[in-house]
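# Close look at the chain arrangement
Now for the letters of each chain:
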Amino acid sequence: MAAAARTIEELDAEVSVCRACPRLLQWREEVAVVKRKSFADQPYWGRPAPGWGSPRPRVMIVGLAPAAHGANRTGRVFTGDRSGDFLFASMHRTGLANQSVCVDAADGLALIDTRVAAAVRCAPPANAPTPAERATCAPWLDAEWQLTGADVRVIIALGGFAWRAALQMIRSAGGTIGSPAPQFGHGATAALNTSHGDVTLMGCYHPSQQNTFTGKLTPAMLDEILRQARERSQG
Ligand code: SF4
């Protein structure tokens, strides 16, 4: 289904009805019915969250997976939870988004030359997809890369899981990543020869509460990665 999509709109429509992972399917739908008390009066999306942003980005941000009460509720990746608040506020400060407000799909937020996608598109229990689920979901990311990646010059991987997904995406499209494969780290970079030309992969800690509440990832640290990415993408 992913490979057959001819446009990003087709891809988004196809992925939104994907049911390939039994564990994630069960979880995303259960959460959408039980809901969190504070969102009890809201409808939940309860489906895979497609990538979102510029249709021809220069920067691609790869995250982990939708949050159960974030994108699994709002239907837009990184929207409706504190990780997204942290990320989009930084994107606004660094010129990659038109505003910092990120609430739902009708909030007016627009990304500037940037696209955000998750390595796994359904909310996983405990925010922890398995490597097998990442492999099952990979064709959606691969197809998104094929359809939107022509102008991408920087890929930012939010966390090691996304780093490995991004490398696999490049490899699947016939690119070369070197051997041994570059290792994830905050601030790590890797020069990749991809099907869309030379791209820099940049590592950044994931803006999860585990990292932002403990100070492992500060706003200044994220700003620095995004600022560098923006500069490199325009060079
Ligand atoms: S995680 Fe990906 S492959 Fe699995 S059901 Fe969701 S969209 Fe489909």
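Residues numbered from 1 in each chain as written. Predicted model: local features only at pLDDT ≥ 70, side-chain atom pairs only at ≥ 80, totals over all residues. Heavy atoms only, no water.

This part covers the overall build of the protein. Scanning the protein from terminus to terminus reveals eight helices and six strands. For the protein, the succession of helices and strands along the chain, N to C, is α-α-β-β-α-α-β-α-β-α-β-β-α-α. Taking 2.2 N^0.38 as the reference for a compact globule, 235 residues should give roughly 18 Å; the C-alpha atoms of the protein span a radius of gyration of 16 Å, in line with that estimate. Each principal axis of the C-alpha distribution contributes one length, and for the protein these read about 45 × 40 × 30 Å. The burial tally for the protein puts 54% of its 235 residues in the buried class. Intrachain contacts of the protein at a sequence separation of at least 6 include 68% that bridge at least 24 residues. If the 24 positive side-chain charges of the protein are averaged to one point and the 20 negative ones to another, these points end up 4 Å apart. (Helix = DSSP H or I, 4+ residues; strand = E, 2+ residues; numbered from the N terminus. Rg over C-alpha atoms; globule rule 2.2 N^0.38 Å. Buried < 20%, exposed > 50% of the residue type's maximum accessible area, 1.4 Å probe, protein only. Contact = heavy atoms within 4.5 Å. Lys, Arg positive; Asp, Glu negative; His and termini not counted. Charge placed at Lys NZ, Arg CZ, Asp CG, Glu CD.)

Right, let's talk about the packing of helix H4 (residues 82-93) against helix H8 (residues 219-234) for a bit. In the contact formed by H4 and H8, the axes pass within 9 Å of each other and the chain directions differ by 55°. Comparing the axis directions of H4 and H8 gives the class oblique. Seen along the crossing, H4 lies across H8 with a hand that is right-handed. Note on element contacts: H8 touches H4 through Pro219, Leu222, Asp223 and Leu226, opposite Phe86, Leu87, Ser90, Met91 and Arg93. Split by residue class, the contact of H4 with H8 holds six nonpolar, one polar and two charged. (Axes fitted to C-alpha atoms, helices over the stretch in contact; angles between N-to-C directions. Parallel < 35°, antiparallel > 145°, perpendicular 65-115°, else oblique. Left-handed = near helix turned anticlockwise from the far one by under 90°. Nonpolar A, V, L, I, M, F, W, Y, C, P; charged D, E, K, R; others polar.)

Glancing now at H4. With twelve residues, H4 should cover 16 Å at 1.5 Å per step; its first-to-last C-alpha distance of 17 Å lies within 8% of that length. On its buried face, H4 is in contact with strand S1 (52-53), strand S2 (59-63), strand S3 (114-118), strand S4 (154-158), helix H7 (209-212) and H8. At the N-terminal end of H4, a side-chain oxygen is found 3.0 Å from the backbone nitrogen of Ser83, two or three residues along, and the residue is Asp81. Immediately downstream of H4, the backbone of Gly95 shows phi near 85°, a positive value. (Expected span 1.5 Å × (residues − 1). Polar contact = N/O pair within 3.5 Å; in protein donor to acceptor, adjacent residues only side chain to side chain.)

Read from one edge to the other, the open sheet built from six strands follows the order S1-S3-S2-S4-S6-S5, with strand pairing classed as mixed. With one partner strand each, in any of the chains shown, S1 and strand S5 (189-194) form the two edges of the open sheet. As defined by bridge partners, S1 adjoins S3 across two bridges and the pair is classed as antiparallel. The partner of Trp52 across the bridge, within S3, is Val116. (Pairing = 2+ DSSP bridges.)

Most of S4 sits out of view: five of its five residues are buried. Of the two faces of S4, the one lined by Val154, Ile156 and Leu158 and the one lined by Ile155 and Ala157 are each fully buried. Of the strand pairs in this sheet, S2 and S4 are connected by four bridges, and their pairing is parallel. Counted as the bridge partner of Met60 is Ile155 from S4. In terms of strand pairing, S4 meets strand S6 (residues 197-204) through five bridges, oriented parallel. From the neighbouring strand, Ile155 faces S6, where its bridge partner is Leu201.

The subject of this paragraph is the packing of aromatic side chains. Taken as a whole, this structure holds three aromatic pairs when the rule is applied. Measuring from centroid to centroid gives 6.0 Å for Trp52 and Phe88, while their planes differ by 80°, and the two rings are edge-to-face. One end of the pair, Trp52, is in strand S1; the other, Phe88, is in helix H4, and 36 residues separate them in sequence. For Trp52, a relative accessible area of 18% translates into the label buried. Residue classification places Phe88 among the buried positions, given a relative accessible area of 0%. Both rings, one in Trp163 and one in Phe184, keep their centres 5.8 Å apart while their planes meet at 70°; by these two values the pair is edge-to-face. With Trp163 in helix H6 (residues 160-172) and Phe184 in the loop between H6 and S5, this residue pair connects regions lying 21 residues apart in the sequence. An aromatic cluster is built from Trp163, Phe184 and Tyr205, whose rings are joined through pairwise contacts. The side chain of Arg73 reaches across the aromatic face of Phe39, ending 3.6 Å from its centre. (Phe/Tyr/Trp six-rings, centres within 6.5 Å; stacked < 30°, edge-to-face > 60°. Lys NZ or Arg CZ within 6 Å of the ring centre and 35° of its normal.)

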